[in-house]
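# Architecture at a glance
So the chains spell out like this:
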Amino acid sequence: MERAKKHAGPTDLLDRHIALIESIGGSPLVAGNKVTLLIDGPATYAAMFKAIENAKDHINLETYIFEDDEVGRRFADLLLEKQSEGVQVNLIYDSLGCLNTPNAFFERLRKGEIQTLEYNPVNPAKARKGWLLTHRDHRKILIVDGAVAFTGGVNISRVYSSSSLSAGEYEKKLEGAWRDTHVQIEGPAVAELQKLFLDTWAREKGRNFQEGLLSCSQTGRERSDRGGRQHSRPREPDHLYHVCLCIRLCQNFIHLTNPYFVPDKQTLKLLRTLHSAG
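This write-up is about the structure you can find in this document. (Residues numbered from 1 in each chain as written. Predicted model: local features only at pLDDT ≥ 70, side-chain atom pairs only at ≥ 80, totals over all residues. Heavy atoms only, no water.)

A few words on the overall build of the protein chain. Looking only at helices and strands, the protein chain has 9 helices and 8 strands in total. Contacts spanning at least 24 positions in sequence make up 77% of the contacts within the protein chain whose residues lie at least 6 apart. On the protein chain, roughly 15600 Å² of surface is accessible, and the fraction owed to carbon and sulfur atoms is 53%. (Helix = DSSP H or I, 4+ residues; strand = E, 2+ residues; numbered from the N terminus. Contact = heavy atoms within 4.5 Å. Areas by Shrake-Rupley, 256 points an atom, 1.4 Å probe, with all protein chains shown as cover.)

Below, the structure is given as structure tokens:
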């Protein structure tokens, strides 16, 4: 934290922010990206389906929830179709997040030659060394051909299927619906998400990849956004400190988007202090 403060001294606001994020994230922010904001489930699914349909080499998907409903089955059908065309599909799904998804759903994917990996199996008989029930994979990452990636808060489930354009209509269409945010990324930052996926696959003892699946394309339209990754894992408890540091060093405003807002006392006190200071 002291190192981050040192690098985030008085300077241009953008340079200050870049120095801070690079310091706490452990990886550089890279220029030349195009980032598209996807405001809800329908926008996210439409963009993801388009990218999957255009896949030529490989598809890497990591998700917490993958339900056996109309949305999940559409994803499954499309992934199986691409696998049959020679596009290698690799899937990581969380055991607890998919607890209500029948094993037959994933068995169908495996029979279609999709490589699947169950993250931290709930079944103690499948447990690995250091197993803890609370160690879960909440990432939602899709990387297609190493050229385009998606990440954010949208799982694969019908509860994200309603539009967020009208709150009243949203609640009426689907009781218990969720509104979450995703982004589509093109450019060199895609490689950082690819690394996260491959790291999880290796740590969970997934089958070896073919060499071609490690590549990331840098070609495409002109891009200008800077991007990088701020990752966390179940065994890394310092992510909260990174968030608090970002909040503490802000100058003008803070925008928060989160499906759960359950701040600890430290974070809540920090937010109140900043708000009182104007």
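There's plenty left to go through after this.
Taken together, the 4 bridges between strand 5 (residues 141–144) and strand 6 (residues 148–152) define a ladder with antiparallel strand orientation. Looking at strand 6, one finds that V144 is bridged to V148. Counted along the chain from strand 5 to the antiparallel partner strand 6, the turn is 3 residues long, and its residue D145 has a positive phi close to 60 degrees. Taken together, the 5 bridges between strand 6 and strand 7 (residues 182–186) define a ladder with antiparallel strand orientation. Of the residues in strand 7, the one forming a bridge with F150 is Q184. (Pairing = 2+ DSSP bridges.)

So, about the pattern of salt bridges. Using the criterion set out here, one finds 9 salt bridges in the structure. Note that R139 is salt-bridged to E62, the shortest N-O span being 4.0 Å. Residue R139 is located in the loop between strand 4 (115–119) and strand 5, and its partner E62 is located in strand 2 (residues 58–63); the two are separated by 77 residues in the primary sequence. Across the pair R203 and D199 runs a salt bridge, and its minimum N-O distance is 3.0 Å. Of the two residues, R203 and D199 both sit in helix 7 (residues 190–203), 4 residues apart, roughly one turn of that helix. (Salt bridge = Lys/Arg side-chain N within 4 Å of Asp/Glu carboxyl O.)

Across the 5 residues that make up strand 7, a large majority, 4, are buried. Bridge count between strand 1 (residues 30–38) and strand 7: 5 bridges; the pairing is antiparallel. Its bridge partner lying in strand 7, L38 is registered against H182. (Buried < 20%, exposed > 50% of the residue type's maximum accessible area, 1.4 Å probe, protein only.)

Helix 4 (residues 70–84) packs onto helix 3 (residues 41–53) with a crossing angle of 15 degrees between their chain directions and a minimal axis gap of 10 Å. With respect to helix 4, the element helix 3 is oriented roughly parallel. Where helix 3 crosses over helix 4, the handedness of that crossing is left-handed. Residues Y45, M48, F49, I52 and E53 of helix 3 form the contact with helix 4, whose participating residues are V71, R74, F75, L78, L79 and K82. Classifying every residue of the contact of helix 3 with helix 4 gives 8 nonpolar, no polar and 3 charged. (Axes fitted to C-alpha atoms, helices over the stretch in contact; angles between N-to-C directions. Parallel < 35°, antiparallel > 145°, perpendicular 65-115°, else oblique. Left-handed = near helix turned anticlockwise from the far one by under 90°. Nonpolar A, V, L, I, M, F, W, Y, C, P; charged D, E, K, R; others polar.)

Attention now goes to unusual backbone geometry. A positive phi is found at E113, a non-glycine position, where the angle reads about 75 degrees. Here E113 is to be found in the loop between helix 5 (103–111) and strand 4. Notably, N120 is not glycine yet its phi reads approximately 45 degrees, a positive angle. Locating N120 in the fold gives a position in the loop between strand 4 and strand 5. N120 sits in the buried class, given a relative accessible area of 9%.

This paragraph deals with the packing of aromatic side chains. Taken as a whole and assessed by the stated rule, the structure comprises 8 aromatic pairs. Ring centres of Y93 and F106 lie 3.7 Å apart, and the angle between their planes is 5 degrees; this geometry places the pair in the stacked category. Within this pair, whereas Y93 is found in strand 3 (residues 88–94), its partner F106 is found in helix 5, the two being separated by 13 residues in sequence. Note on accessibility: Y93 and F106 belong to one class, buried. On the numbers, 5.9 Å between centres and 25 degrees between planes, the contact of F197 with W201 is stacked. Linking F197 with W201, this pair stays in helix 7, spanning 4 residues, or about one helical turn. A residue is classified by how much of its surface remains accessible, and F197, at 0% relative accessible area, is buried. (Phe/Tyr/Trp six-rings, centres within 6.5 Å; stacked < 30°, edge-to-face > 60°.)

Compared with an ideal rise of 1.5 Å per residue, which puts 13 residues at 18 Å, helix 3 spans 18 Å between its outermost C-alpha atoms and is within 8% of the ideal. Those residues of helix 3 not exposed but buried are G41, T44, Y45, A47, M48, F49, A51 and I52. The secondary structure elements touched by the buried residues of helix 3 are strand 1, strand 2, helix 4, strand 5, strand 6 and strand 7. The residue sitting at the N-terminus of helix 3 and contributing the capping side-chain oxygen is D40; that oxygen lies 3.1 Å from the backbone nitrogen of A43. (Expected span 1.5 Å × (residues − 1). Polar contact = N/O pair within 3.5 Å; in protein donor to acceptor, adjacent residues only side chain to side chain.)

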